[in-house]
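Survey of secondary and tertiary structure
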Amino acid sequence: MESSGELKRTHSCGDLSAKNAGQDVVLMGWVQKRRDHGGVIFLDLRDRSGVVQVVLSPDAGDSPGSSFERASSVRAEYVLAVSGLVRRRPPGTENPRMATGEIEVATTELNILNTARALPFYPEDAASVDEALRLRYRYLDLRRPECWRIFNMRQRAAALIREFLTKRNFLEIETPILTRSTPEGARDYLVPSRVHPGEFFALPQSPQLFKQMLMIAGFERYVQFARCFRDEDLRADRQPEFTQVDLEMSFVDEQDIQRLTEEMLAYLFGKFLDVELSIPFPRLTYRESMRRYGSDKPDLRFGLEIEDVSSLLAESSCRVFAGAVKSGGVVRGIRVPGGAGFSRKVLDELTQLAVEWGAHGLAWFILGEKGVRSPLLKTIKPEEIDALLSAMGGQTGDLLLLIAAQRQTAEEVLGRLRLHLAGMLDLIDDKQFSFVWITEFPLLEYNEDEERWEAVHHPFTSVLEEDLPLLKTHPERARARAYDIVLNGVELGGGSIRIHRRDLQEQIFDAIGLEAQDAQEKFGFFLEALDYGAPPHGGIAFGFDRLLMLMLDLETIRDVIPFPKTQKATCLLTGAPAPVISKQLRELHICCSQENKKKEQNEEQTDS
RNA sequence: GGAACUGUGGUGUAGUCGGUUUAACACACCGGCCUGUCAAGCCGGAGAUCGCGGGUUCGAGUCCCGUCAGUUCCGCCA
C-alpha cells in the first residue's frame, strides 16, 4: 500500500472522452471490476463521476514491484491512484454500453492507496441484497451511482426551494434542537440535563412555537430545513427523525400560503423534473374528501368515487340497508367499472377485507349480460335496484359494492376498499402527480382513551371565525383554518393560520382541557409572547423526504435518507440505541430499572 | 400493542407431499493458466448443519410452538 506519492489527481473517470485522447492523466478511485488476462489486465476504475477502463500491460514493466505486478494483486473495491495516457481503444474493442467506452487509460503507474477485504456484498449488487445487510454496511450500499444520484437530487431540490424562497424574501433560520417538551402531539425524544437534575430537554417534533415567535419578532418570512423528531412507530414513509421544509409568514391568510406553496412546487417540479404542474391545485374540504374518497388524503389519480345512496334505500325492503339508515347510518358504495368479471372468490376476499376493516359485510351487485346477480336479489325490490343503478351510473359489466354502516365506518371501509380496488385493477398511472388541498379540517376531535378533546392539527391552529361559537356547544363541528397538501394519496404537508391573540389561544387550551395553570406552566412563555404585539401569521411544513420519495418514484423515504433507522427505530450501522456506562447515567442523575442496569453493567465490563 | 410476509455458505437463490443425497446452482473468495476483455475464459480448491430455542417423529432445512431480526400494514404519528 502506498500513498499517492507524487501523483496528483488531474481528471475524473467519467469526464474522460475521445477529446482527451493523447493526454496524460492521473485518476483516483475504486476498482469496480478486474479482468486479468495474465498478459494484460483491465481494471474498471470508478469515482463519483463515472467509470473508465484502465489497462495495464507488461510494457509497464513486469519486474518485481512494478505497476503491472501490483495490478495483478488488485481486487474489487481497492482504492487506486493511476497515471497514464488516455487513448482511443483499438478498433473493434470499443464498448458502446459504457459512457467512456471509446477510450481507455494506458497506465504506466499504479499505486494502491488502500486494499479492501472481500465485501459482504458489492455495491453493484446492492439493489438485490437484503435491506438489513445493506443498512449494516450502509457505506457500501451508498457506494453506487444510483445512490449518488438520489442525494444529488436531494441537494438540487433543496437548492431550488432555497432559491425560490430567497427570491420571495424568506429568511432561513435555525431553531433549537434542545428544547422544551410539549404535552400535545407525538411522543417526545428526551435528553436529560446534567446541570439540572431530573429535568429534560426534548427534541423538537417541529419548530412550531419558535417559528411563531420569529413572526412575533418581526421576521415576517421564515424558512428552515428543519430536522424533526417523533418517537412513534415507523412506516415506509415515516422515520423517527426526518426533515421538514418549514415555513411561516406574517399578515397572510390561507390563500396566501396555499398560493405560495403552489408556486414553489410548480417552480420545483418545472426545474427539477421538467414537469409542468397545473396550478392552482384542486381543493376539497375535509368533509367532501371523506364523503367522496373515504380519506383525508385521497389519491385522485383514479376514479372509483364513493356514492351515497342512503336516501334511495332508506325504505328498502332489504333490512340491511333500511336498518342502517334508520339507526342513523348510511348506505354508500363504489361502482367498479368492468368489475362484473370478478370471481366469487375475489368477492369473498373483498367482503372479508371489508369485515376486517370494520363493516358488517359487503353487498355486491354484478351487472351481468343476463341481468343483475346478487345474494340480496331476493330481498330487494326490482325498482330499488333500478334506482340504485341509475344513481350510481351502473352499466352492464360493472360491479356495485355497497356498505351499510355508521357514516364514519362506511367512509373508512370504502376509502380503503377504493385503494385496494385501484391496486387490483391497476388503475394508478404512476407517471402522474396529482396534488390536492384538503381544507376546513375539524379543529378538535374527541380522544376516547384520554376522555378529552384534542387538537386535530395542533393547539395553535386558528378556528374559522363563524365556527367560534361552536367551541362551547358542538366542539366537533368547529372547523380549523388548517389545510393539508396531498400528493398521490400521501400527506405531503400541512399548515394553518395560527392563533395570534392570547384570549383565543387560552380559549383553545380550555377547549382541549388544558387547565389554566397547566397552560401557564407549559406554554406561559408563549402566551406571554402573544401579549407583546403578535401579528396574524400562518405557515406550512412539508415532509421533504416524502416529497423526494414521490418525485423520484421510490417506495420508501429510507432511500432518500443516508442513514435511516429500521422499523424498530434502531441504527443497524452504529448499533444505536445502546446502553451507556453508569458514570454517564450518574452524571445525568438517571437511574435505570433493574433489568436495564444489568445490561449496562455488562457493557461497562466489556468496555474496560 | 396487533396482523401478515421473509430468514438456507460472503451474496443471490434451489431444495416439491418430512426419508438418494456427502444440502444443489450462480456470483464473490483462494490457487494455477491465459496479451484485448468489458456477465472475460479454462482448470482446481475452500466455504452453510439451513436465524435461535424447544417439540412432534424411527427420521426435519422441510411439520408444530416459542423467540429474535428485517419488511409491510393496523393502532399510534398535534
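The structure contained in this document is the topic of the report that follows.

The rules behind each value
Residues numbered from 1 in each chain as written. Chains lettered and ligands numbered in written order. Predicted model: local features only at pLDDT ≥ 70, side-chain atom pairs only at ≥ 80, totals over all residues. Heavy atoms only, no water. Helix = DSSP H or I, 4+ residues; strand = E, 2+ residues; numbered from the N terminus. Expected span 1.5 Å × (residues − 1). Buried < 20%, exposed > 50% of the residue type's maximum accessible area, 1.4 Å probe, protein only. Contact = heavy atoms within 4.5 Å. Polar contact = N/O pair within 3.5 Å; in protein donor to acceptor, adjacent residues only side chain to side chain. Pairing = 2+ DSSP bridges. Axes fitted to C-alpha atoms, helices over the stretch in contact; angles between N-to-C directions. Left-handed = near helix turned anticlockwise from the far one by under 90°. Near = heavy atom within 4 Å. Nonpolar A, V, L, I, M, F, W, Y, C, P; charged D, E, K, R; others polar. Core = buried A, V, L, I, M, F, W, Y, C linked by side-chain atoms within 4.5 Å. Parallel < 35°, antiparallel > 145°, perpendicular 65-115°, else oblique. Salt bridge = Lys/Arg side-chain N within 4 Å of Asp/Glu carboxyl O. Phe/Tyr/Trp six-rings, centres within 6.5 Å; stacked < 30°, edge-to-face > 60°. Lys NZ or Arg CZ within 6 Å of the ring centre and 35° of its normal.

Bringing helix α12 (residues 407-424) into the picture now. Between its terminal C-alpha atoms α12 stretches 25 Å, which fits the 26 Å expected from 18 residues at 1.5 Å a residue. Among the residues making up α12, those that are buried are A410, E411, V413, L414, G415, L417, R418, L421 and A422. Packed against the buried residues of α12 are α7 (286-293), β12 (306-308), β13 (330-336), α10 (344-356) and β16 (399-405). Positioned one or two residues after α12, D426 has a phi angle of 55°, which is positive.

What follows is about the side chain of R301. Within the element layout of this structure, R301 appears in the loop between α7 and β12. Of the residues examined, R301 reaches a relative accessible area of 16% and is grouped as buried. For R301, the side chain forms a polar contact with the side chain of D299, separated by 2.7 Å. Those residues in contact with R301 that lie beyond four places of it in its chain are L427, I428, D429, D430, Q432, S434 and N488.

Moving on, we get to the sheet that holds strand β22 (residues 537-543). Across the sheet, which stays open at both edges, the eight strands sit in the order β6-β9-β10-β22-β21-β20-β17-β11 with mixed pairing between neighbours. Looking at strand neighbours, the two that pair on one side only are β6 (171-172) and β11 (283-285), the edges of this open sheet. Looking at chain direction, β11 and strand β17 (residues 435-439) are connected through three bridges and run parallel. By the bridge assignment, T285 is partnered in β17 with T439. Its contacts with the sheet put helix α4 (residues 145-167) on β6, β9 (221-229) and β10 (241-250), and the angle it makes with β9 is roughly 150°. Together, β9, β10 and β22 form the strand contacts of helix α5 (residues 208-216), whose direction differs from that of β10 by roughly 25°.

Turning next to the packing of α10 against α12. Here α10 crosses α12 at 145°, and the two axes come no closer than 10 Å. α12 is crossed by α10, and the crossing has right-handed handedness. Where α10 approaches α12, its residues V346, L350, L353 and A354 are matched on the opposing element by V413, L417, H420, L421 and M424.

Attention now moves to the protein's contact with RNA strand B. Inspection of the region around RNA strand B gives 50 residues, with T93, R97, E104, A455 and H457 positioned closest. Contacts to RNA strand B include N95, whose side-chain N or O atom sits 3.1 Å from a base oxygen. Separating a phosphate oxygen of RNA strand B from a side-chain N or O atom of T570 is a distance of 3.4 Å. Taken together, the elements giving at least two residues each to the surface near RNA strand B come down to β1 (24-36) and α2 (131-136). Here the surface near RNA strand B is built from residues that sort into 16 nonpolar, 15 polar and 19 charged.

Moving on to the nonpolar core. If you look at the biggest cluster of nonpolar residues, it comprises 47 residues, and the most contacted ones within it are I161, L165, L265, L268, F269, F435 and I485. Top contributing element to this core by residue count: helix α6 (residues 254-273), with nine residues. Excluding anything up to four places from it in sequence, L265 contacts L277, F281, F435, I485, F542 and L547. Core analysis: the second largest hydrophobic core is formed by 32 residues, L209, L284, V463 and L470 among them.

The subject of this paragraph is the packing of helix α14 (residues 502-511) against helix α15 (residues 516-531). Where α14 contacts α15, the axes come no closer than 9 Å and their chain directions differ by 160°. Put simply, α14 runs roughly antiparallel to α15. The element α14 and its partner α15 pack so that their crossing is right-handed. In this structure, α14 contributes R502, Q505, E506 and F509 to the contact, and α15 contributes A519, Q520, F523, F526, L527, E528, L530 and D531. Looking at the contact of α14 with α15 residue by residue, the classes come out as six nonpolar, two polar and four charged.

Moving on, we come to the sheet that holds strand β5 (residues 103-114). Through backbone hydrogen bonds, the strands of a sheet pair up, either in parallel or in antiparallel fashion. Ordered by their spatial adjacency, five strands build a closed barrel running β1-β2-β3-β5-β4, and the pairing between neighbours is mixed. The average undirected angle you get between the axes of adjacent strands in this sheet is 55°. Both strand β4 (residues 79-88) and β5 contribute to a ladder of ten bridges, which runs antiparallel. Looking across to β5, one finds that V82 is bridged to L110.

The subject of this paragraph is the pairing of strand β3 (residues 50-56). Within β3, six of the seven residues are buried, leaving the element largely enclosed by the surrounding structure. Of the strand pairs in this sheet, strand β2 (residues 41-47) and β3 are connected by seven bridges, and their pairing is antiparallel. Bridge pairing in β3 links L43 to V54. Here β2 folds back onto β3, and the loop between the two strands holds two residues. Bridge analysis of β3 against β5 gives two bridges, and the strand direction is parallel. Looking at β5, one finds that V55 is bridged to A106.

The next point concerns the pattern of salt bridges. Overall, the coordinates contain 47 salt bridges when judged by the stated rule. For D237, the salt bridge is made with R546, and the minimal N-O distance between the two is 3.8 Å. Here R546 lies in helix α16 (residues 544-551) and D237 lies in the loop between β9 and β10, a separation of 309 residues in the sequence. Residue D237 is classed as partly exposed on the basis of its relative accessible area of 23%. On the basis of relative accessibility, which here comes to 18%, the residue R546 falls in the buried class.

It is worth spelling out the packing of aromatic side chains at this point. With the rule as written, the count across this model stands at 13 aromatic pairs. For the ring pair F281 and F435, a centre distance of 4.4 Å and an interplane angle of 10° mean the geometry is stacked. With a gap of 154 residues between them, F281 in the loop between α6 and β11 and F435 in strand β17 connect regions that are remote in the sequence. Owing to a relative accessible area of 5%, F435 belongs among the buried residues under this scheme. Taken together, a centroid distance of 5.5 Å and an interplanar angle of 75° make the contact between F460 and F526 edge-to-face. Of this pair, F460 sits in the loop between β19 (452-455) and α13 (470-473) while F526 is found in helix α15, placing the two residues 66 residues apart along the sequence. A connected cluster of aromatic rings, assembled from ring pairs, spans F269, F281, F433 and F435. Taking the ring centre of Y137 as reference, the NZ or CZ of R136 above it sits at 4.6 Å.

Right, let's get into the pairing of β17. Most of β17 is tucked away, with five of its five residues classed as buried. Across five bridges, β17 lies against strand β20 (residues 482-487) in antiparallel orientation. Looking across to β20, one finds that W437 is bridged to I485.

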